[in-house]
Amino acid sequence: MDILGIQILVPLGQEKTVLYSEVAGAVVDLILNVLLIPQLASSGAAIGTLAAELTVLIVQFAALQKEVSEAFRRIAYWKILLGLVAGAACSYWFVRFGFGNFLTLLVTACLFFGAYGLVLFITREKLTLEILRQVVEKVLGRVRQ
């Protein structure tokens, strides 16, 4: 679900904050679904879900502002933004070919996450390098067995 709520708020004993944030998200989702689904169908549902998750994040972040603000300041957002732009460009490039829906979804997901991960690797983003190191260690550990 949400990392701030499950990984930080619950261990701090702030389960009510998690509950309130989830209720706020559900209310936002319900209202937007009622308003948007009749006109936009599944796109309206997606917009409602995105807005609901953003609402949950905002409520939980507000509750944890003192605890997490330093960690959020240390994030190199330019690397993430550069990865998002590269991933979106690769995905958009493939969408223009006009293949079937499933193939387009599959290939664009691979292109997006591949380009995003490659940019984070090239820019030496710390978390990406740590995850890659752990994956390599696990694979090498299994190969050696």
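Structural data are supplied above this passage.
Residues numbered from 1 in each chain as written. Predicted model: local features only at pLDDT ≥ 70, side-chain atom pairs only at ≥ 80, totals over all residues. Heavy atoms only, no water.

Enquirer: Lay out helix H3 (residues 42–63) with the relevant residues and their values.
Expert: Here H3 is 22 residues long and its end C-alpha atoms lie 32 Å apart, about the 32 Å a rise of 1.5 Å per residue gives. Restricting attention to buried positions, one finds in H3 the residues Gly-44, Gly-48, Ala-52, Thr-55, Val-56 and Gln-60. Here the buried residues of H3 occupy an arc of 140° about the axis, which is enough to place them on one side. When the buried face of H3 is taken as reference, the exposed residues oriented beyond 90 degrees from it are Ser-42, Leu-50 and Ile-58. Tucked into the core, H3 has its buried residues touching helix H1 (3–9) and helix H2 (15–40). (Helix = DSSP H or I, 4+ residues; strand = E, 2+ residues; numbered from the N terminus. Expected span 1.5 Å × (residues − 1). Buried < 20%, exposed > 50% of the residue type's maximum accessible area, 1.4 Å probe, protein only. Arc of directions from axis to C-beta. Contact = heavy atoms within 4.5 Å.)

Enquirer: Go over the state of the cysteines, please, and point to the residues and values.
Expert: What the rule picks out here adds up to 0 disulfides. Free cysteine Cys-90: the closest other cysteine sulfur is in Cys-110, separated by 12 Å. A relative accessible area of 29% means that Cys-90 is categorised as partly exposed. (Disulfide = S-S within 2.5 Å.)

The analysis is restricted to geometry; functional conclusions fall outside its scope.
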